[in-house]
Amino acid sequence: MRRKLTLQWENHTFGEFHYKFFCNVASDVFYVLQLAYDSTSCYSANDLNVFLMGDRASGKTMTINLAVMKWINGEMWQNMISYVVHLTSHEINQMTDSSLAELIAKDWPDGQAPIADILSDPKKLLFILEDVDNLRFELNVNEQALCSNSTQKVPIPILLVSLLKRQMAPGCWFLISSRPTREENIKMFLKTTDCYVTLQFSNEKRELYFHSFFNDRQRASTALMLVHDDEILTGLCRVAILCWITCTVLNRQMDKGHDPQHCCETPTDLHAHFLADALTSKAGLTANQYHLGLLRRLCLLAAGGLFLSTLNFSGEDLRCVGFTEVDVCVLQAVNVLLPSSTHKDRYKFIHLNVQEFCAAIAFLMAVPNCLIPSGSRGYKEKREQYCNFNQVFTFIFGLLNENRRKILETTFGYQLPMVDSFRRYSVEYMKHLGRDQEKLTHHGSLFYCLFENQEEEFVKKVVNTLKEVTVYLQSNKDMMVSLYCLEYCCHLRTFKLSVQRIFEYKEPLVRPTASQMKSLVYWREICSLFCTMDTLWELHLFDSDLNDISERILSKALEHSSCKLRTLKLSYISTASGFEDLLKALARNRSLIHLSLNCTSISLNMFSLLREILDKSTCQIRHLSLMKCDLRASECGEIASLLVNGGSLRKLTLTNNPLRNDGVNILCNALLHPNCTLTSLALVFCCLTEKCCSSLGRVLLLGRTLKQLDLCVNHLQNYGVLHVTFPLIFPTCQLEELYLSGCFFTNDICQYIAIVIATNETLRSLEIGSNSIEDAGMQLLCGGLRHPDCMLVNIGLEECMLTGACCESLASVLTTNKTLERLNILQNQLGDEGVVKLLNSLILPECVLQIIGLPLNDVSAETQRMVMAVKERKPNLIFLSETWSVKEGREIGVIPASQPGSVIPNSNLDYMFFKFPRMSTAMRMSSTASRQPL
């Protein structure tokens, strides 16, 4: 153990400074560890587990190593711990079966450990388990499989759980480290008596680090001011190693007489200076070609490693890219490559950020592709699995900035050849971003890239075409970056926004911190965009937590006379006032047309405020959506009062509420009230049956305003659908759109629906997908569609159990009906023969159809060629790929896009980079090419 830890420590050339620093700042942690394993201390407990938690590079391994070194030197755990068994996740992942005796003896010379002596008093035995989040297996082992025999070989998960449950070595101690990404493994063994320590590089520790590093008050203050004034650099310096890189760079720039505020504005600046100084200022390097060759090989290794999920490199990997032993010694001496603390005889970059920066240079340098040997290993540990290239993309955009790029180009006498082509490509790509498969799910990653670049004209060109933006705000840094880019979005129409973690504090702020004050300033500036951006019409605020102050700031912006928002959608929002402040603000807004309060618990007070808003003569709200608000029959009286006193209200969406039949009967009475002016009602998935359909039929027969009724996904069955469709036979019925998809009816009533299709002069849209219509029912419907009096423009028949047998009749409809513009028959098994019949009609000039949904997934190549022929003959004909269920207002399983504290969805920004010819070649080569040494 002594040899293992001492060797790890000596391998880090900047260890002395960090040793002293960590000994100072981690003293409180050492104090906890000392008391925790002291059986006489009130802080200790039987079978104690100490959990040491922290993010990447937060100092978990450093703290453990220091603690063990203190124990070895007699400074900790004296007369408490006699033996330490140190296990890393990497070591455990290599094991299959083992006994406890073998596990204890693994670090002893020749495996000769005094097992009997060690296990004779387990209270003197400490197991250290590092990086639980990186284990290749779960620890949810069945209790019956646990083992108590220390010499019996068992699968390694059973052995570990047996130890953690103290079936083996009862009374032993555990020190467990992990990142917070796998908390389920921790919670499984966390007891109320255990100790849970979180490592964080706080602002106070960062200030202490800077003062310790510079040992010069003026320089330390200058550096700290630069970092504190920039949210990006503040975030960077929450990691000790990156703090060391930042201090090293700033110190060298000050030595040169440069102003750090101008030369170190972004992480790209810092990493560029770090690499340039490291590769040219140390180890007596003088030849420019050697510098450049070293940089090339380093970038080749970095990119090859990331593409193939390799962060720990073998000697073979280093030789593969052309490194010599001298090169490796140089890179180790300048703290770029260091021996791995977890993988024996392997090297890794000083921090992942440095590897990512080198990979970004490789992208723009056009280095040859290389399949490093370690990349071909079948099994990859969880911590090695690299799939998020966003930081690489951010550095690439940073290097597109001429001033930042010059740091490298001037130092190495070399211009990055791919810069101009990628600049042009990225601007063109953004112009054509509308394609579904390439559409960004959110714009946070792109905004970070642009913020890193900060060339005003380039940023304008990239975001100029954006009409819709989605951002997730979880920190001040996110707000600062988003605000910078949003101010250049001159054509923005729709803004989708999630605010999490920032305003979680609910109590009134007596003395807000500097960070909280910044949050409020940024939030006020974001909200001010709702008043200053003339093109912004829609705001979607979702999955958000607002406290009292942040809600009031938003309310002030929404009630401002300059606010031009026409649509406001709120879903999964938590507010301090229960929406009272927001709704009162909306009462003074004169531009809003559409208001959604989806996924919200609607209180009686909120209904009262809604009535007050809708009753105002200045109110322009025409569409109110209350989807998934858990509204029941007991609330339908309140909803009915909105309909009767709604003033401007024309559309009401109540999808996904358990209103049931009693609730709808109440609404129907309101719909017949002379003051009700509603034209559209959505009751999708409202737990309705045929028992409420007579009331709905009465509304359709006697009402004068309702034009659109959506009853999808309700158990209406044949009887209920007959009641709803029967009034459409009468000329007094004003309904224009009827949606009955997923209503559980059969072809037994298709003859009646066909009569409606043939005789009703006002009905324009009918959707009856996901019902058992089958070919027999389709034949009847085609009779109605061919009738010369049919005025239908749209019919939806997705997933109706149709086959090719009905396609001849349907094909005749396409050539005879002169009003039908849209037909959707997706998710039906028509076969090649049926599809060909329809294509033969579609291609004819007498077919007036403009939109068609055809099931083309399983058709032959010949049929696909015929589809292409139709598209060439009729380029304006649109082929649908979506069914009725994706239409807005029909979101049955409405769920938040993300929960507070969850991982933000992938932005799909990689489409942009991996379609760039240089990167797509690298992607192909990474899976097919042989090794290519530089």
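Here the structure is a predicted model, which is why all the values come from computation and not from measurement. (Residues numbered from 1 in each chain as written. Predicted model: local features only at pLDDT ≥ 70, side-chain atom pairs only at ≥ 80, totals over all residues. Heavy atoms only, no water.)

### Observations concerning the overall build of the protein chain
Cut-off, in case you're wondering: Secondary structure follows DSSP: runs of H or I at least 4 residues long count as helices, runs of E at least 2 residues long count as strands, and numbering of each begins at the N terminus. Here's how the labels work: a residue is buried when its accessible area is under 20% of the maximum for its type, exposed when over 50%, partly exposed in between, all with a 1.4 Å probe on protein chains only. Contact between two residues is taken to exist if any of their heavy atoms lie within 4.5 Å; hydrogens are not considered. What sets the accessible areas is the Shrake-Rupley method with a 1.4 Å probe; for residues, cover comes only from the shown protein chains.
When its secondary structure is counted, the protein chain shows 40 helices and 24 strands. Each of the three principal axes of the protein chain carries a C-alpha extent, and together these read 95 × 65 × 60 Å. The proportion of buried residues among the 934 residues of the protein chain is 58%. Restricting the contact set of the protein chain to residue pairs at least 6 apart, pairs at least 24 apart contribute 82%. Within the structure as shown, the protein chain displays about 39200 Å² of accessible surface, and the carbon and sulfur contribution to it stands at 51%.

### Quick word on the pattern of salt bridges
Definition in use: A pair is scored as a salt bridge if a Lys or Arg side-chain nitrogen falls within 4 Å of a carboxyl oxygen belonging to Asp or Glu.
All chains considered together, the criterion is met by 30 salt bridges. With a closest N to O distance of 3.4 Å, Glu 143 and Lys 165 form a salt bridge. One end of the pair, Glu 143, is in the loop between strand E4 (125-130) and strand E5 (154-155); the other, Lys 165, is in the loop between helix H8 (156-164) and strand E6 (173-178), and 22 residues separate them in sequence. Judged by its relative accessible area of 47%, Glu 143 is partly exposed. Under the relative-accessibility criterion, Lys 165 is labelled partly exposed at 36%. Of the charged contacts in the structure, one is a salt bridge between Asp 317 and Arg 346, with a shortest N-O distance of 3.9 Å. A residue pair is termed long-range when its members are at least 10 positions apart, and Asp 317 in helix H17 (residues 315-320) and Arg 346 in the loop between strand E8 (337-339) and strand E9 (347-349) qualify at 29 residues.

### Digging into the packing of aromatic side chains
How two aromatic rings sit relative to each other is set out by the distance from centre to centre and by the angle between their planes. Rules: In this analysis, rings of Phe, Tyr and Trp, with Trp reduced to its six-membered ring, are considered paired at centre separations within 6.5 Å, and the interplanar angle assigns stacked below 30 degrees, edge-to-face beyond 60, and tilted for intermediate values.
By the definition in use, this model includes 28 aromatic pairs. Both rings, one in Phe 210 and one in Phe 214, keep their centres 6.1 Å apart while their planes meet at 40°; by these two values the pair is tilted. Taken together, the residues Phe 210 and Phe 214, both in helix H10 (residues 203-214) and 4 residues apart, mark about one turn of the helix. By relative accessible area, which is 0% here, Phe 210 ends up buried. For Phe 214, a relative accessible area of 9% corresponds to the buried category. Ring geometry for Tyr 484 versus Tyr 488: centroids 5.4 Å apart, planes at 75°, classification edge-to-face.

### Overview of unusual backbone geometry
A positive phi angle is found at Cys 599, which is not glycine, with a value near 55°. Looking at where Cys 599 falls in the secondary structure, it is placed in the loop between strand E14 (594-598) and helix H29 (604-615). Even without a glycine there, the phi angle at Asp 630 is positive, about 55°. Mapping Asp 630 onto the fold places it in the loop between strand E15 (623-625) and helix H30 (636-644).

### Observations regarding the nonpolar core
Our working definition: What makes a nonpolar core is a set of buried Ala, Val, Leu, Ile, Met, Phe, Trp, Tyr and Cys residues whose side-chain atoms join them at distances within 4.5 Å.
Within the largest apolar cluster, 288 residues are counted, with the highest numbers of intra-cluster contacts made by Phe 422, Phe 447, Phe 495, Trp 523 and Leu 683. The greatest single-element share of this core, amounting to 11 residues, is contributed by helix H19 (residues 352-365). Ignoring any residue separated from it by four or fewer positions in sequence, one finds Phe 447 in contact with Val 463, Leu 466, Val 469, Val 471, Val 481, Ser 482, Cys 485, Leu 486 and Cys 489. If you look at the next biggest cluster of nonpolar residues, it comprises 39 residues, including Phe 127, Val 132, Leu 135 and Leu 163.

### Some remarks on the sheet that holds E6
How we decide: Here, strands pair whenever DSSP counts at least two bridges between them. Fitting a line to C-alpha atoms yields each axis, with helices limited to the stretch in contact; the angle taken between N-to-C directions then spans 0 to 180 degrees.
Pairing is parallel in the open sheet, where 5 strands are placed in the order E2-E4-E6-E1-E7. Two strands bound the open sheet, and with one partner strand each, they are strand E2 (83-88) and strand E7 (195-198). For this sheet, the mean angle separating the axes of adjacent strands, direction not counted, is 15°. The pairing of strand E1 (residues 49-53) with E6 spans 5 bridges and is classified as parallel. Across the sheet, residue Met 53 finds its bridge partner in E6, namely Ser 178.

### Quick look at H19
Worth spelling out the cut-off: Expected helix span is given by 1.5 Å per residue-to-residue step, counting one fewer step than there are residues.
For H19, which comprises 14 residues, the first-to-last C-alpha distance of 20 Å matches the rise-based estimate of 20 Å (1.5 Å per residue) to within 8%. Within H19, 14 of the 14 residues are buried, leaving the element largely enclosed by the surrounding structure. After H19 finishes, the residue Ala 366 shows a positive phi value of roughly 60°.

### Considerations on the UniProt feature "domain: NACHT" (unreviewed entry) in the protein chain
Filter applied, for reference: UniProt positions are given in the numbering used here, feature names are shortened, and annotations may be inferred rather than shown by experiment.
Taking the numbering used here, the UniProt-annotated feature "domain: NACHT" (unreviewed entry) corresponds to residues 48-180. Helix makes up 29% of residues 48-180 and strand 20%, with an end-to-end C-alpha separation of 20 Å.

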